[in-house]
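Residues per chain are reported as follows:
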Amino acid sequence: MLSIKNLHASVEGKEILKGINLDVKAGEVHAIMGPNGSGKSTLSQVLAGNEAFDVTDGSITLNGENLLELETEERAREGIFLAFQYPVEIPGVSNLQFLRTAVNAMRTHKGEEEMNAAEFMKLAKEVSKQVDLDPSFLKRGVNEGFSGGEKKRNEIMQALLLQPQLAILDETDSGLDIDALKVVSDGVNALRSDDRAILMVTHYQRLLNHIVPDYVHVLAGGKIIKSGGRELALELEEKGYGWLGIKDEDAATDAAN
Amino acid sequence: MKAAPTLPAAFLHPAGQSLPQPLLELRKQRGTALVDMPLPTRKTENWKYSSKYLKLTDDMGISLPADEKTGSSLAVPGYKVAFLNGVMLPEASEYPDLEGIRIQSFGDLDDDEAARLAERLDSNLDGKAVQLAQLNSARFEDGLFISLAPEAVLDQPLHIVHEVTADASGSAFPRIYVDAGRHSQLTLVEEYISSGTAAVLVNTVTEVEVAEGASVTSIRLNMEGENVQHVGATGVRQQRSSRFESHTVGFGGPLRRHDLQVRLEGEGAECKLNGVVVTQGKQHYDNHTTIEHIAAHCNSEETYRNIAADQSHAVFNGRIHIHQDAQKSNADMNNKNLLLSNGAEIDTKPELEIYADDVKCAHGATIGQLDETSVFYLVSRGIGRRQANVLLTMAFINELVDQIPVESVRETAHTRLNQFFDQTFEEA
């Protein structure tokens, strides 16, 4: 489904990704782990099409289609979904209006009829229950005044509504207490299906106790330095990143940059 | 030193002699002051950013003909009054004959009433700050007199449509005087529209007396064409425990200027002033507001938002003056501005003058652009870039548009805003 080859990307002239290779097939769940500053978030943003990052070499294809040729909104319509590490607050646009506009943009793209306000309200209420968000959150501004956990649940709610082909979860576990982590994980597990892939970007392995990945990759210094199965994450937890020869200074320097 | 420019000669001659004698005399008296009246220049502080847009030519000095029949039917619900080129059209108007409520054209007042009105006209405005209001006082050919007896309540909004037909150059001088008696209630809509393409001036004055305990809501909708220079002034005086609420929705033009002056003269009076302005192309819009806290224990709350696209220019000047005896005043002014293009300009100036020592006074002004992070968030959900821009721009003013208490006006505003978006944001 997703194929990344020799991906190089930079921001403001500084190279962050230095040759990423990754293949993700439908139905698979991949975890990308790595210390701060290793390029995890950059990879997420580049996949979603953030123009702040320049792709300088390599390719990304989704089902054989060149993703780099597509605008952010076109990628979304082709099935790329990024759950943001820091979801954006947009006062003045209601969550309901935002979600309906997004869902209808997808439906229009697929040649389906738009949902009217009443139909959508019904659907949105159901899905908000699934992530344990009170329906009153639908009336509030997008993420406006939401707690960290509420924002993350709102991200998963969007994924459930938009039903993407590839869901990228950027540090979705950060800032969640154990109950919220459970709710969010249940939402993500509900997304798992044979025709969908999930890419989880995370610093810690605790999320992987709830969402069990098929593959784990370690990203450091802009490259994937090790890949393995579920047991790799456990090994990392036990031994730390130092075990793979990643010096702490490297991580610190990259983070500072 | 070069002498300041004065009005072109054609502006000095009033037309339309059908007013009652006392009003004709008032007009004549005001007219004598016009001859030497200096027009604002960029050195005039309160016209610093806008004087370059004021372009009065001699052929704009004559009054637009008042005897034409309007083609536009007023498709607004409720009570309505139609004015064409500053003169009331009774046949296109529809308003109630209710106990305690008088809605009348100046031309229909008897001499005694007209004499009382003549004494009160201009008393709600600070003439030094609204130079061009004098032109209206010297030239108005008709006007709308609204009077509410104590306790009278107008049960629906009164929609006043001022249309100018700009088939040839000229000017019009709409005038409104409202006397809201004790504990009366009234909602007014002033809508300014135009047809035709010749260069014209619309010069308006609205005065509102809000007696003790009365409540007046005033909505101003400025939607004239690209050929209309508009200079308007509204003066409000509020007595004890009265309430005045103003909602301005303005679309730019070659010159758009509105001065809103509110005097809080009685204890416990409160006012709320909201304003939304959008400009595009080479349009201009300038809102100047003044709130005079004269009595103690008064509240004022002011929120204005400007959006400027292309090479347009928006101006906001908000003055709050808290007089020495106005203890326990509470004043809150907020102005936010959104620039949609590098070529657009917005000038904002809060002015606070405080002479009392026990007051709460807050003000804030910001100028920004659409937030790229927010745009990315929206488009990452499949929402088109154009729609994302529209959503974020609407978000900037939604709060104010939603507060407009008349549904038909909200709808009109939304329709015009959508036209603005169509022209401002390209289809992705």
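This one's a predicted model, so the numbers in the text were calculated from it and none came from an experiment.

## Here we look at the overall build of chain B
Part 1: If you tally the helices and strands in chain B, you get 6 helices and 20 strands.
Part 2: Counting only C-alpha atoms, chain B reaches 70 × 55 × 55 Å along its principal axes.
Part 3: Residues classed as buried in chain B amount to 60% of the 428 residues present.
Part 4: For chain B, the computed accessible surface area is about 16,700 Å², with 47% contributed by carbon and sulfur atoms.
Part 5: Taking the 38 positively charged and 60 negatively charged side chains of chain B as two groups, their mean positions are separated by 6 Å.

## A look at the pattern of salt bridges
Residue and element names in this part refer to chain B.
Part 1: Scanning the entire structure with this criterion turns up 30 salt bridges over all chains.
Part 2: Residue D122 is joined to R175 by a salt bridge in which the shortest nitrogen-to-oxygen separation is 3.0 Å. Of this pair, D122 sits in the loop between helix 2 (111-120) and helix 3 (133-139) while R175 is found in strand 7 (residues 175-180), placing the two residues 53 residues apart along the sequence. The burial state of D122 is the same as that of R175; both residues are buried.
Part 3: With a shortest N-O distance of 4.0 Å, R305 and E399 are connected by a salt bridge.

## Observations concerning the domain arrangement of chain B
Residues and elements named next belong to chain B.
Part 1: Split into domains, chain B comes out as domain 1 (9-266) and domain 2 (371-428).
Part 2: Between domain 1 and domain 2, the C-alpha centre-to-centre distance is 31 Å.
Part 3: Domain 1 puts 12 residues into the contact, and the matching count from domain 2 is 10 residues.
Part 4: The interface formed by domain 1 and domain 2 contains 0 salt bridges.
Part 5: Of all elements in the fold, only strand 8 (185-196), strand 10 (215-222) and strand 12 (243-251) reach the threshold of two or more residues within the side of domain 1 that touches domain 2.
Part 6: Of the residues assigned to the side of domain 1 that touches domain 2, the class counts are 8 nonpolar, 4 polar and no charged.

## Section: the UniProt feature "domain: SUF system FeS cluster assembly SufBD core" (unreviewed entry) in chain B
Part 1: According to UniProt, the "domain: SUF system FeS cluster assembly SufBD core" (unreviewed entry) feature falls on residues 168-396 of chain B.
Part 2: Each end of residues 168-396 of chain B is marked by a C-alpha atom, and these two atoms are 38 Å apart; helix forms 9% of the span and strand 61%.

## Description of unusual backbone geometry
All names here are of chain A.
Part 1: Phi is positive for E12, which is not a glycine, with a value near 50 degrees.
Part 2: Note that E12 resides in the loop between strand 1 (2-11) and strand 2 (14-24).
Part 3: For E12, a relative accessible area of 80% puts it in the exposed group.

## What about the interface of chain B and chain A?
Part 1: The interface is formed by 17 residues belonging to chain B together with 33 residues belonging to chain A.
Part 2: Regarding the contact of chain B and chain A, the summed buried area is about 1,900 Å², with carbon and sulfur atoms giving 66% of it.
Part 3: Residue R381 of chain B is joined to E155 of chain A by a salt bridge in which the shortest nitrogen-to-oxygen separation is 2.7 Å.
Part 4: Connecting chain B to chain A are 8 residue pairs in polar contact (both at pLDDT 80 or more).

## So, the packing of aromatic side chains
Part 1: With the rule as written, the count across this model stands at 9 aromatic pairs over all chains.
Part 2: Each ring, one from F98 of chain A and one from Y377 of chain B, has its centre 5.6 Å from the other, and the planes form 20 degrees; the classification is stacked. Of this pair, F98 of chain A sits in helix 3 (residues 95-109) while Y377 of chain B is found in helix 4 (residues 372-379), placing the two residues in two different chains.
Part 3: Judged by its relative accessible area of 0%, Y377 of chain B is buried.
Part 4: It is R257 of chain B that lies over the ring of W47 of chain B; its NZ or CZ is 4.5 Å from the centre.

## Focus: the pairing of strand 2 (residues 87-94) of chain B
All names here are of chain B.
Part 1: For strand 1 (residues 79-84) and strand 2, the ladder comprises 4 bridges, and the chain directions are antiparallel. Its bridge partner lying in strand 2, L84 is registered against V87.
Part 2: Where strand 1 hands over to strand 2, the hairpin turn is made up of 2 residues, of which N85 adopts a positive phi near 50 degrees.

## Thoughts on the sheet that holds strand 10 of chain B
All names here are of chain B.
Part 1: With respect to topology, 10 strands assemble into an open sheet ordered 2-1-5-8-10-12-14-16-18-20, the strand pairing being mixed. Two strands bound the open sheet, and with one partner strand each, they are strand 2 and strand 20 (360-368). Pairs of neighbouring strands in the sheet enclose a mean axial angle of 10 degrees, with direction left out of account.
Part 2: Bridge analysis of strand 5 (residues 158-166) against strand 8 gives 9 bridges, and the strand direction is parallel. Counterpart to V161 in the pairing with strand 8 is E191.

## A look at the sheet that holds strand 4 (residues 54-62) of chain A
Residue and element names in this part refer to chain A.
Part 1: The strand order across the open sheet built from 4 strands is 2-1-4-5, with neighbouring strands paired in antiparallel fashion. A single partner strand is all that each edge strand has here, and the edge strands are strand 2 and strand 5 (65-66).
Part 2: Looking at chain direction, strand 1 and strand 2 are connected through 8 bridges and run antiparallel. Bridge assignment links A9 to a residue of strand 2, and that residue is L17.
Part 3: Sheet contacts for helix 1 (residues 40-48): strand 1, strand 2 and strand 4; angle to strand 1, the most-contacted strand, approximately 110 degrees.

## Points about the side chain of E28 of chain A
All names here are of chain A.
Part 1: With respect to the helices and strands, the residue E28 is situated in the loop between strand 2 and strand 3 (29-33).
Part 2: In this structure the side chain of E28 is engaged in a polar contact, spanning 2.9 Å, whose partner is the backbone nitrogen of K25.
Part 3: A distance of 2.7 Å separates a polar atom in the side chain of E28 from a polar atom in the side chain of H30.
Part 4: Excluding anything up to four places from it in sequence, E28 contacts D23, R196, A197, I198, D214 and Y215.

## Structural notes on the nonpolar core
Part 1: L2, I4, M157, L199 and M200 of chain A are the most contacted members of the largest nonpolar core, which totals 119 residues.
Part 2: Broken down by element, this core gets its largest block of residues, 10 residues, from helix 5 (residues 385-402) of chain B.
Part 3: Residue assignment places this core across two domains, with domain 1 (9-266) and domain 2 (371-428) of chain B each supplying three or more.
Part 4: Setting aside chain neighbours within four positions, we find L2 of chain A in contact with L22, D23, V24, L47, I60, T61, L62, L166 and L199 of chain A.
Part 5: Counting 41 residues, the second-largest nonpolar core is a separate cluster that includes V81, V178, L260 and A356 of chain B.

## Remarks on the UniProt feature "domain: ABC transporter" (unreviewed entry) in chain A
Part 1: Feature annotation in UniProt assigns "domain: ABC transporter" (unreviewed entry) to the following positions: residues 2-246 of chain A.
Part 2: In residues 2-246 of chain A, the share of helix is 36% and the share of strand is 29%. The end C-alpha atoms are 27 Å apart.

## A closer look at the pairing of strand 8 of chain B
Part 1: Two elements, strand 8 of chain B and strand 10 of chain B, share 8 bridges in a ladder whose sense is parallel. Residue pairing in the sheet places V189 of chain B in a bridge with I219 of chain B of strand 10 of chain B.

## Comments concerning helix 8 (residues 230-239) of chain A
One turn of an α-helix holds 3.6 residues; hence residues three or four places apart share an orientation.
Residue and element names in this part refer to chain A.
Part 1: Within helix 8, the full set of buried residues consists of L232, A233 and L236. The buried residues of helix 8 all sit within an arc of 100 degrees when viewed along its axis, so they share a single face. Turned more than 90 degrees from where helix 8 packs its buried face, E237 and E238 sit exposed.
Part 2: Check the buried side of helix 8 and you find it contacts strand 3, helix 7 (206-210), strand 11 (215-220) and strand 12 (223-228).
Part 3: At the exit of helix 8 stands G240, carrying a positive phi of roughly 80 degrees.

Rules and cut-offs
- Residues numbered from 1 in each chain as written.
- Chains lettered and ligands numbered in written order.
- Predicted model: local features only at pLDDT ≥ 70, side-chain atom pairs only at ≥ 80, totals over all residues.
- Heavy atoms only, no water.
- Helix = DSSP H or I, 4+ residues; strand = E, 2+ residues; numbered from the N terminus.
- Buried < 20%, exposed > 50% of the residue type's maximum accessible area, 1.4 Å probe, protein only.
- Areas by Shrake-Rupley, 256 points an atom, 1.4 Å probe, with all protein chains shown as cover.
- Lys, Arg positive; Asp, Glu negative; His and termini not counted.
- Charge placed at Lys NZ, Arg CZ, Asp CG, Glu CD.
- Salt bridge = Lys/Arg side-chain N within 4 Å of Asp/Glu carboxyl O.
- Domains from an automatic or database assignment.
- Contact = heavy atoms within 4.5 Å.
- Nonpolar A, V, L, I, M, F, W, Y, C, P; charged D, E, K, R; others polar.
- UniProt positions renumbered as here; feature names shortened; annotations may be inferred.
- Buried area = accessible area lost by both parts, 1.4 Å probe.
- Polar contact = N/O pair within 3.5 Å; in protein donor to acceptor, adjacent residues only side chain to side chain.
- Phe/Tyr/Trp six-rings, centres within 6.5 Å; stacked < 30°, edge-to-face > 60°.
- Lys NZ or Arg CZ within 6 Å of the ring centre and 35° of its normal.
- Pairing = 2+ DSSP bridges.
- Axes fitted to C-alpha atoms, helices over the stretch in contact; angles between N-to-C directions.
- Core = buried A, V, L, I, M, F, W, Y, C linked by side-chain atoms within 4.5 Å.
- Arc of directions from axis to C-beta.

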